[in-house]
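A look at the structure
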Amino acid sequence: MALLFMVMLVTAAGNTAMQSVMPSIGTELGVADVWISLAYTWSALLWVICAPMWARRSDHRGRKAMMAIGLIGFIASFALCGMVLWFGLAGALPALWTLLLFAAARSLYGGFGSAAPPAVQAYVASRTPRAERTQAMAVIASSFGLGTVIGPALAPLLVFPTTGLVGPFLVFAIIGIVVLIALRLRLPDDAPSYAARGSITAAPFSASANPGMGKDTSDDEDSNDTTPIPHLRWGDARLRPWLVSGLLGGHAQAMTLGIIGFFILDRLHLRADPGAGASSIGIVLMCGAGATLLAQWGLIPMLRLGPRASTMWGMALATAGVIIFAAADTLQPITLGFSIASLGYGLYRPGFTAGASLAVTRREQGQIGGVVASVNGAAYVIAPAIGVWLYGHHQWLGFTTICALCLSVFVVGWRWLEPDAILEARHEEAD
């Protein structure tokens, strides 16, 4: 469990650490903000395409092998990204070539790094009895969430005089090598005791990107039923309002995360001091990730919020948070506003996931898991770049678009999402 915990922790921490320093790196390179956001697009698209393929392949080629492929993709991507950016910052590469080569190196993570999360989940599920599986999967889920907090906290500490802003890339590549060696030497080979399939997860862009992690991925009790399962269509009337909510809210969250780093540099007047900017961005992202985890691990279980209530309250809080940090001009209110927005997204994302799951039957859960993962991943393909492009034209244009998306989800929830009591009662009757 310690090794599996580290696999997920390192990848999540590395990616969120990268988010902390990339706005400052783009400023030093003299590259327009929107091009920095677009550099992530190809990697995010590859993740959406390749994650389902790796999830299926892990059942045939072995989960340990897929974890190793995922880690190798992470290590190669971070090492190459760090080297390319180091040459670019040193003036050895033009800014355009630096960005193109960074995008190419980053795509290694989208293409191969997506093999690790479903393999880790399937490995845990296949080697633990049902009575222990929920707790084991919760531990794995916590590693992913913890990584999103640790990454931004560590990033400013890894900016060394010799490596500069690329320090976090190189350090996390080295940590990844250590974890890969330990995985190869210490993790037992696949000898499943129980049938299991790893679920598809979104890339670790934020703590709330993977709310489905930690679920029991074992075969359901009715898995012996050989009756063909009808194909679940995206236009299914049961799913339509939930998928609309997922796409609108997901784009709002992706735009928020795309804008926040550049906004901090501008509002705190740190464009001339990118090193200090990376530290401030790290603080804000760390607090936001902590607020997201508070929502998912604390508020939702404590308040027993249903899918509709969680979705609507989440969007209301996200709107309020965006308005607060958009109007702020010092670090403290920016951090407060972003934390409130992250708390809202932390409520919304599991609400959307649970609502889509409850809208279909138990035998359709495998299909709905893939649909939800696709919706979550699709939001991060182009939305961050669109948000930054709008923000670049006028700051309030970007924030107004985010608020409009959040409020549109609230309207969809108010008019078309079924009340939680009805949704849960019908699901129990269907089962």
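Residues numbered from 1 in each chain as written. Predicted model: local features only at pLDDT ≥ 70, side-chain atom pairs only at ≥ 80, totals over all residues. Heavy atoms only, no water.

Once that is clear, we can look at the packing of aromatic side chains. Under the criterion given, the structure shown has 15 aromatic pairs. When the ring of Phe325 is compared with that of Phe338, the centres are 6.1 Å apart and the planes differ by 65°; the resulting orientation is edge-to-face. Here Phe325 is found in helix H11 (residues 307-327), whereas its partner Phe338 is found in helix H12 (residues 331-358), with 13 residues between them in sequence. Per residue, the accessibility class of Phe325 equals that of Phe338, and both read buried. (Phe/Tyr/Trp six-rings, centres within 6.5 Å; stacked < 30°, edge-to-face > 60°. Helix = DSSP H or I, 4+ residues; strand = E, 2+ residues; numbered from the N terminus. Buried < 20%, exposed > 50% of the residue type's maximum accessible area, 1.4 Å probe, protein only.)

Here the focus is unusual backbone geometry. For His269, which is not glycine, the phi torsion reads 55° and is therefore positive. Residue position: His269 is located in the loop between helix H9 (240-267) and helix H10 (274-303). Notably, Arg304 is not glycine yet its phi reads approximately 55°, a positive angle. Arg304 sits in the exposed class, given a relative accessible area of 76%.

Moving on to H10. Across its 30 residues, H10 extends 41 Å between first and last C-alpha, which sits within 8% of the 44 Å expected from 1.5 Å per residue. Its maximal kink placed at Ala295, H10 deviates by approximately 35°. Phi turns positive one or two residues past the end of H10, at Arg304, with a value near 55°. (Expected span 1.5 Å × (residues − 1). Bend = angle between axes of the 7 residues up to and from the residue.)

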